[in-house]
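One-letter residues, chain by chain:
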Amino acid sequence: MTQAKKVLVTATNYSTLCAEAKQLLESHGCEVIENKLGRPHTFEELKPLVGDIDAVVAGVDTWDEAVFQLAPKLKIIARFGVGVDNIDLEKAKQYGIRVTNVPGGNANAVAELAVGLILGAMRNIPGLHQSARRGYWDRFVGAELIGRKIGLLGFGNIAQMVAKKLQGFDVQLYAYDKYPNVEKAKALHVTLTSYEEILRESDVVSMHLPSLKETHHFMNRETFGMMKDGSYFVNTARGAVVSEEALAEALKSGKLAGAAIDVYEQEPVSDDNPLFQLPNLITTPHTAAETYETYHKVSLTTAQAILDVFQNKVPENIVV
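Residues numbered from 1 in each chain as written. Predicted model: local features only at pLDDT ≥ 70, side-chain atom pairs only at ≥ 80, totals over all residues. Heavy atoms only, no water.

- The protein carries the name Phosphoglycerate dehydrogenase in an unreviewed UniProt entry, which gives Paenibacillus naphthalenovorans as its organism.

Structure follows, in structure tokens:
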């Protein structure tokens, strides 16, 4: 009798939100081991889990050589999302581990939250919500989006969807990308320009750059200093592209009127993070991609990638 393949799922809410994908794996003889923590695993938490796994549906936990050395049977890491900065791709290749992702799978969900965070920051929606629930009747004079210049740092799938959704607000759209999609920019009425111009001229800057060595702390004291006084900053990309210390300084000084972030330099984030003491910052716990629609689509894609590798087929969306 063939031994069941073991699939570790470190993405959360798998049974609840990914039942069809789980059933697909189990129908092909796989044993699914789910995340019981409701958050990313630390290395110490992964250690007892990876010894005999054949595949992983990976959230944002760190997958590097230290883990690979403990997982001799691991054949594929199917990233539950797009970004693979939490996976050491070079070492995965050396260990013969396939890595896949789901490009565009969560783009709409992230874009919708990005727009929501822009509105939330400009109108202080979370703060007023808490105030009203306490029985206060606080006033807050917010800012409107109409006529504003919106700058997109990065112009991939998510940023393009943000641009599309913002058009109804009668804004001026600008984008920076190292490899810009000129046709998409033209279709979406987006002006392509330098990142320096975006920082200097935009009323709202929305971060959509990938986390790479060259983008580490892209937003720092110097780049925040280039932004317009009283502007807003939103990050739904990756925490590593922003210096949290520099962001805090920009918020405290009034350089930024407000900011909203879904991602952090260290995740899970600690409750003693200095950013949490700032009243003009909105925070969410890396939840931009978490919608029913995204879970359904991404879970089926990752499950099929795993089955393809088990059947010696070439899966879609191979990263390495």
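1. Some details on the pattern of salt bridges
Point 1. Following the criterion strictly, the structure yields 16 salt bridges and no others.
Point 2. Across the pair Lys 75 and Asp 54 runs a salt bridge whose closest N-O atoms are separated by 3.4 Å. A residue pair is termed long-range when its members are at least 10 positions apart, and Lys 75 in the loop between helix H4 (65-68) and strand S4 (76-79) and Asp 54 in the loop between helix H3 (43-46) and strand S3 (55-58) qualify at 21 residues.
Point 3. Looking at Lys 75, the relative accessible area reads 31%, which means it is partly exposed.
Point 4. Put simply, Glu 201 and Lys 149 hold a salt bridge, and the shortest N to O gap is 3.9 Å. Within this pair, whereas Glu 201 is found in helix H10 (residues 195-201), its partner Lys 149 is found in strand S6 (residues 149-153), the two being separated by 52 residues in sequence.
Point 5. For Lys 149, a relative accessible area of 25% gives the class partly exposed.
Point 6. Among the ionic contacts, a cluster of salt bridges with common partners joins Asp 54, Lys 73 and Lys 75. (Salt bridge = Lys/Arg side-chain N within 4 Å of Asp/Glu carboxyl O. Helix = DSSP H or I, 4+ residues; strand = E, 2+ residues; numbered from the N terminus. Buried < 20%, exposed > 50% of the residue type's maximum accessible area, 1.4 Å probe, protein only.)

2. Overview of the packing of aromatic side chains
Point 1. For the structure shown, the criterion picks out 6 aromatic pairs.
Point 2. Taken together, a centroid distance of 5.4 Å and an interplanar angle of 50° make the contact between Phe 80 and Tyr 295 tilted. With Phe 80 in the loop between S4 and helix H5 (89-94) and Tyr 295 in helix H13 (residues 292-310), this pair connects stretches of sequence that are 215 residues apart.
Point 3. Looking at Phe 80, the relative accessible area reads 13%, which means it is buried.
Point 4. Pairing Tyr 195 with Phe 218 gives two aromatic rings, centres 5.0 Å apart and planes at 65°, and the pair type is edge-to-face. Here Phe 218 lies in the loop between strand S9 (204-207) and helix H11 (221-226) and Tyr 195 lies in helix H10, a separation of 23 residues in the sequence.
Point 5. In this structure Tyr 195 comes out as partly exposed when scored by relative accessible area, which is 24%.
Point 6. Assessed through its relative accessible area of 13%, Phe 218 is described here as buried.
Point 7. Chaining the aromatic ring pairs together yields one cluster made of Tyr 176, Tyr 195 and Phe 218. (Phe/Tyr/Trp six-rings, centres within 6.5 Å; stacked < 30°, edge-to-face > 60°.)

3. Describing the UniProt feature "domain: D-isomer specific 2-hydroxyacid dehydrogenase catalytic" (unreviewed entry) in the protein
Point 1. As annotated by UniProt and renumbered to match this structure, "domain: D-isomer specific 2-hydroxyacid dehydrogenase catalytic" (unreviewed entry) occupies residues 15-319.
Point 2. The span residues 15-319 is 36% helical and 15% strand by assignment, and the distance between its end C-alpha atoms comes to 26 Å. (UniProt positions renumbered as here; feature names shortened; annotations may be inferred.)

4. Section: helix H8 (residues 157-166)
Point 1. Residues of H8 that are buried include every one of Ala 159, Gln 160, Val 162, Ala 163 and Leu 166, and no others. Buried residues in H8, looked at end-on, bunch into an arc of 155°, giving them a common side. (Arc of directions from axis to C-beta.)

5. Considering the domain arrangement of the protein
Point 1. The domain architecture assigned to the protein consists of domain 1 (5-103 + 291-311) and domain 2 (143-283).
Point 2. Contact with domain 2 buries surface across domain 1, with Pro 40, Val 60 and Asp 85 losing the most and accounting together for 65% of the total.
Point 3. At the junction of domain 1 with domain 2, the criterion picks out 1 salt bridge.
Point 4. Across the pair Asp 85 and Arg 238 runs a salt bridge, and its minimum N-O distance is 2.9 Å.
Point 5. Connecting domain 1 to domain 2 are 1 residue pair in polar contact (both at pLDDT 80 or more).
Point 6. Each residue belonging to the side of domain 1 that touches domain 2 can be placed in one class, and the counts come to 3 nonpolar, 1 polar and 3 charged. (Domains from an automatic or database assignment. Buried area = accessible area lost by both parts, 1.4 Å probe. Polar contact = N/O pair within 3.5 Å; in protein donor to acceptor, adjacent residues only side chain to side chain. Nonpolar A, V, L, I, M, F, W, Y, C, P; charged D, E, K, R; others polar.)

6. As for the layout of surface pockets
Point 1. Of the pockets and cavities examined, the second largest pocket occupies roughly 540 Å³.
Point 2. Around the second largest pocket, the lining is made up of 26 residues, and of these Val 60, Asp 61, Thr 62, Asn 86 and Glu 267 lie nearest the centre.
Point 3. Broken down by secondary-structure element, the contributors of at least two residues to the lining of the second largest pocket are H3 and H4.
Point 4. Its residues placed into classes, the lining of the second largest pocket shows 11 nonpolar, 8 polar and 7 charged. (1 Å grid on protein atoms, 1.4 Å probe; cavity = no way out; pocket = protein on both sides within 12 Å on 5 of 7 lines; lining within 4 Å. Points joined across faces, edges and corners; volume = space filled by probe spheres on them.)

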